[in-house]
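Listed below are the residues making up each chain.
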Amino acid sequence: MKRWAFALATALFGTGAGAVEQTIKNDSLTNGASGVIIYGFAANEAAASWLTSPCTGTVRAVQVFWTSPGVNQPVEIHDSVKVFRAGTFPTPGALAAEVAGPVLSDGVINEWRYLDENNTVPLSVPVALNEVFVVAFTFLQPPITNTTPSLVRDTDGIQSGRNALLAEIGGNLIWFDSATLGLTGDWVIRAVVDCPTTPQTADLVVGMSANPPAYLPGGSLVYTVTVSNSGPAAASATVVDLFPASFTGITWVCIGTGGANCPANGTGNLTHNVTLPAGGLATYTITGTVAPGTSGSLSNSATVVVGSPVTDPDTSNNTATLAIEANNDAIFEDDFDV
């Protein structure tokens, strides 16, 4: 690998940047800064930046710095630039958007704002405040060392958990931490996030039910807690359910629909974050046992609190409380045997 000095420029495809747009990057390259062209990729291999959104907004563009030593090569078409939800580093999560067949110009930061070559389908990926997402560039054909353009990294060190490589090993494509494969700088792979300047609102609603509807001391009990977002904005929120002491051995699973993200499973009280796009729903199924000797009303409350900068215009529906009584018919049924 060789080090070259570049005067950075940007090739824009589509509409120009708006006043509320922010370029999200891990790298430190600025105009005239030094970078290193990285070769050695095979077809279908990829490089990816793990980026963090500064707001609850929308990914509107993706960027890749693409250059050759002489900055004199014709345009190339490669496989794709993809936006993923965060998975478990270094492996991305679900695919959120794909720019197929991106055209790259030599010597500039190339930017794409549309998913199709006719510039009719805009790139639009909702993201929450502090949400981590992934932008990955995939090669169609391998770059030729010291001749054709390739990807670039910066030169002031590599950040942990922020740079990944999809490499072919034994005929399989596997994601790696770039640092473990010798990369010593951050990929110049970026995103542009549209961060609204006006306050955003999201009406979050909590619901709760129990099965059975009346408890039996020593018996099992299942709560279903739902957290939904009526919009209009996406929201990052905290869900809290501190279960009564007589509800024991608690395990739970959570399923997100409509783009919602929540922890898949856990034990004990609910005290964690969820992300809810408008129309998103997180459904918790909570299983436990009512302690023997329990009597009277068994009360449980679940609450959701929206995270800044989003506000909730109606907090009256942010808490659900359910009080269930003992199943006295079942408790005393043996006493009435004839």
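Note that the structure is predicted; figures quoted are calculated from it, not measured.

A.B. asks: Quick question: what am I supposed to make of the sheet that holds strand 15 (residues 163-169) here?
C.D. replies: Through backbone hydrogen bonds, the strands of a sheet pair up, either in parallel or in antiparallel fashion. In spatial order, the strands read 9-8-13-5-15-16; together these six strands make up an open sheet with antiparallel pairing. Every other strand in the sheet has two partners, leaving strand 9 (95-100) and strand 16 (172-177) as the edge strands with one partner each. Neighbour-to-neighbour, the strand axes of the sheet open up by a mean angle of 20 degrees, direction not taken into account.

A.B. asks: Quick question: what am I supposed to make of the pattern of salt bridges here?
C.D. replies: Working definition: two side chains of opposite charge can pair if their charged atoms are close together. Inspection of every chain in the model, using the stated rule, returns six salt bridges. We note a salt bridge from Arg113 to Glu111, for which the minimum N-O separation is 2.7 Å. Both residues of the pair, Arg113 and Glu111, count as buried. Here the salt bridges share partners, and the residues they tie into one network are Glu21, Glu111 and Arg113.

A.B. asks: Help me understand the state of the cysteines, please; the structure alone is not making it clear to me.
C.D. replies: Covalently bonding the sulfur atom of one cysteine to the sulfur atom of another cysteine gives a disulfide. Applying the stated criterion across every chain, the model contains two disulfides. Of note for the chain: the bonded cysteines, numbered N- to C-terminal, pair according to 1-2, 3-4.

A.B. asks: How should the sheet that holds strand 22 (residues 265-267) be read in this particular structure?
C.D. replies: Ordered by their spatial adjacency, six strands build an open sheet running 22-21-24-19-18-26, and the pairing between neighbours is mixed. Only two strands of the sheet have a single neighbouring strand rather than two, namely strand 22 and strand 26 (310-311). Pairing analysis gives nine bridges linking strand 18 (residues 200-211) to strand 19 (residues 220-232), with the strands arranged antiparallel. Among the inter-strand pairings, Gly207 is bridged to a residue of strand 19, identified as Thr226.

A.B. asks: Would you mind going over the confidence of the model for the chain with me for this structure?
C.D. replies: Predicted coordinates in areas of low pLDDT are best not read in detail. Of the residues in the chain, 91% have a pLDDT of 70 or more, and the chain-wide mean is 90. Note that residues 334-338 has pLDDT below 50 and, in this model, zero contacts with residues that lie over four places away or in other chains.

A.B. asks: For this particular structure, what's the right way to read unusual backbone geometry?
C.D. replies: Here the residue pair Phe89 and Pro90 is connected by a cis peptide bond, since its omega of 5 degrees sits within 30 degrees of zero. That bond from Gly231 to Pro232 is cis: its omega, 10 degrees, falls within 30 degrees of zero. Looking at the element boundaries, Pro232 is found in strand 19. Even without glycine at this site, Asn44 takes up a positive phi of about 75 degrees. Residue position: Asn44 is located in the loop between strand 4 (34-38) and strand 5 (46-52). For Asn119, which is not a glycine, the phi torsion comes out positive at approximately 55 degrees. With respect to the helices, strands and loops of the structure, Asn119 is situated in the loop between strand 11 (108-112) and strand 12 (125-127). By relative accessible area, which is 38% here, Asn119 ends up partly exposed.

A.B. asks: Could you clarify how one ought to interpret the nonpolar core in this entry?
C.D. replies: As a rule of thumb, nonpolar side chains are buried together in soluble globular proteins. Leu204, Leu221, Tyr223, Tyr284 and Ile286 are the most contacted members of the largest nonpolar core, which totals 35 residues. If you list the elements that add at least two residues to this core, you get strand 18, strand 19, strand 20 (235-241), strand 21 (247-257), strand 23 (270-276), strand 24 (281-290), strand 25 (298-306) and strand 27 (319-324). The dominant element in this core, judged by the number of residues it contributes, is strand 18, at five residues. Contacts of Ile286, omitting those with residues within four sequence positions, involve Leu221, Val222, Tyr223, Val225, Phe243, Phe247, Ile250, Thr251, Trp252 and Leu270. The next biggest cluster of nonpolar side chains, apart from the first, holds 32 residues, and it includes Cys55, Val64, Leu183 and Ile189.

A.B. asks: Help me understand the side chain of Ser178, please; the structure alone is not making it clear to me.
C.D. replies: Relative to the assigned elements, Ser178 resides in the loop between strand 16 and strand 17 (189-194). Setting aside anything within four residues of it in sequence, one finds Ser178 in contact with Ile158, Asn163, Ala164, Leu165, Leu183 and Trp187.

A.B. asks: For this particular structure, what's the right way to read the environment of Thr201?
C.D. replies: Mapped onto the secondary structure, Thr201 falls in strand 18. Classification of Thr201 by relative accessible area gives partly exposed; the value is 30%. With 59 residues separating them along the chain, Thr201 and Ala260 place their C-alpha atoms 17 Å apart. Every residue in contact with Thr201, bar those within four places of it in the chain, is listed here: Gly231, Pro232, Ala233, Val310, Thr311 and Pro313.

Calculation notes
Residues numbered from 1 in each chain as written. Predicted model: local features only at pLDDT ≥ 70, side-chain atom pairs only at ≥ 80, totals over all residues. Heavy atoms only, no water. Pairing = 2+ DSSP bridges. Helix = DSSP H or I, 4+ residues; strand = E, 2+ residues; numbered from the N terminus. Axes fitted to C-alpha atoms, helices over the stretch in contact; angles between N-to-C directions. Salt bridge = Lys/Arg side-chain N within 4 Å of Asp/Glu carboxyl O. Buried < 20%, exposed > 50% of the residue type's maximum accessible area, 1.4 Å probe, protein only. Disulfide = S-S within 2.5 Å. pLDDT = per-residue confidence, 0-100. Contact = heavy atoms within 4.5 Å. Core = buried A, V, L, I, M, F, W, Y, C linked by side-chain atoms within 4.5 Å.

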